[in-house]
Amino acid sequence: MAETATARRSRITPERAAELYEAVLDLLREVGYDALTMDAVAARTKSSKATLYRQWGGKAELVARAIRHSKPGSIADVDTGSLRGDFHALMAREDDSTMEQNAALMRALAMAAHTNPDLMRAFRELLVEPETQELRKLIQRAVDRGEVRADNPALNYVVHMMLGAFATRALIEDLPPTKAFLTSYIDAVVLPALGVPTT
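Basis of the calculations
- Residues numbered from 1 in each chain as written.
- Predicted model: local features only at pLDDT ≥ 70, side-chain atom pairs only at ≥ 80, totals over all residues.
- Heavy atoms only, no water.
- 1 Å grid on protein atoms, 1.4 Å probe; cavity = no way out; pocket = protein on both sides within 12 Å on 5 of 7 lines; lining within 4 Å.
- Points joined across faces, edges and corners; volume = space filled by probe spheres on them.
- Helix = DSSP H or I, 4+ residues; strand = E, 2+ residues; numbered from the N terminus.
- Nonpolar A, V, L, I, M, F, W, Y, C, P; charged D, E, K, R; others polar.
- Axes fitted to C-alpha atoms, helices over the stretch in contact; angles between N-to-C directions.
- Parallel < 35°, antiparallel > 145°, perpendicular 65-115°, else oblique.
- Contact = heavy atoms within 4.5 Å.
- Core = buried A, V, L, I, M, F, W, Y, C linked by side-chain atoms within 4.5 Å.
- Buried < 20%, exposed > 50% of the residue type's maximum accessible area, 1.4 Å probe, protein only.

Participant: I tried to follow empty space enclosed by the protein on my own but got confused; where do I start?
Facilitator: If a probe the size of a water molecule is rolled over the atoms, the empty space left behind becomes visible. Under the definition given, this model contains 1 cavity of 30 Å³ or more. The computed volume of the largest cavity comes to approximately 60 Å³. Going through the elements one at a time, α2 (14–31), α5 (59–70) and α7 (96–115) are the ones with two or more residues in the lining of the largest cavity. Among the elements that line the lining of the largest cavity, the one with the most residues is α7, at 3 residues. In terms of residue class, the lining of the largest cavity is made up of 4 nonpolar, 2 polar and 2 charged.

Laid out in C-alpha cells, this is it:
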C-alpha cells in the first residue's frame, strides 16, 4: 500500500505540487469547500483531472495536503531552549494577515468537515495528527529539560488550548487571531497551566 501511494505521488514535481496547492487554496477562499471541484482545480492549474485523482485520490486529500503544505515548517523543528521561547517563535512565523486568512479558511473547512466524512478523515490524518505529534515533541523537550512536570494534567490539553484560542477569537470577540493576541494568551493561559514562568 505504501509503495503504491509513493508511486502514485511521484509523478508531479515538488514545484508543480506547490503551484497546485496554492491554486487549491485560492479556489477554496473564492468558492468554499462544497463548491470546489476537481474540474475547477484542473482548469485553474491547466492539469488533467485524471492526473489530480491519480496524485491525490480526491478532493478531501488534495485540500488537506494543500493546507499542510502552506504551513511554515515543522513545529517540532522549533527549539529555542525554552518552552516559552518555542511558543513565541511559533507565533512569529506567520504575519497577522496570513493568520486571519488561515483562520477564516479553517472555520469554513471545519464546518464542511462535519458533513463530509472524507474531509474529516483527511483533516485528522494529514493535519491534526501530524501537528499534534509535532507539538507533543516540542512539549516533551520541555518536560525533559525539567521546565514542565511530567505529571502536569494540563499536558493533555495544550493542543485544545492552542487551537481553541486560534479558532474562537472571531466567535467571541469578532476579531481575528493575531500574533499579539496569541502570544499574550500563551503567557496568560498556556504557560501558567503548565507551571512555566512567563518572564
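So, next bit.
Participant: What is the right way to look at the packing of α2 against α5 in this model?
Facilitator: At a minimum axis distance of 9 Å, the contact between α2 and α5 shows a crossing angle of 105 degrees. As judged from the angle between their axes, α2 and α5 are roughly perpendicular. Along the contact surface, α2 presents A18, Y21, V24, L25 and L28, while α5 presents L62, V63, R65, A66, I67, H69 and S70. Taken together, the residues that form the contact of α2 with α5 break down as 9 nonpolar, 2 polar and 1 charged.

Participant: How should I be thinking about the packing of α2 against α7 in this particular structure?
Facilitator: Relative placement of two packed helices is described by the angle separating their axes and the distance separating the axes. Between α2 and α7, whose axes approach to 11 Å, the crossing angle comes to 70 degrees. Put simply, α2 runs roughly perpendicular to α7. Each of L25, L28 and R29 in α2 lies in contact with α7, whose residues at this interface are Q101, N102, L105 and L109. A per-class count over the contact of α2 with α7 returns 4 nonpolar, 2 polar and 1 charged.

Participant: Explanation requested: the nonpolar core in the structure shown.
Facilitator: Counting 30 residues, the largest nonpolar core has V24, L28, Y33, W56, V63, L109 and L119 as the members making the most contacts within it. At the level of elements, α2, α3 (38–45), α4 (49–56), α5, α7 and α8 (117–145) are the ones that each hand at least two residues to this core. At 7 residues, α2 tops the list of elements feeding residues into this core. The contacts of V24, once residues within four sequence positions are left out, are L36, V41, L62, V63 and A66.

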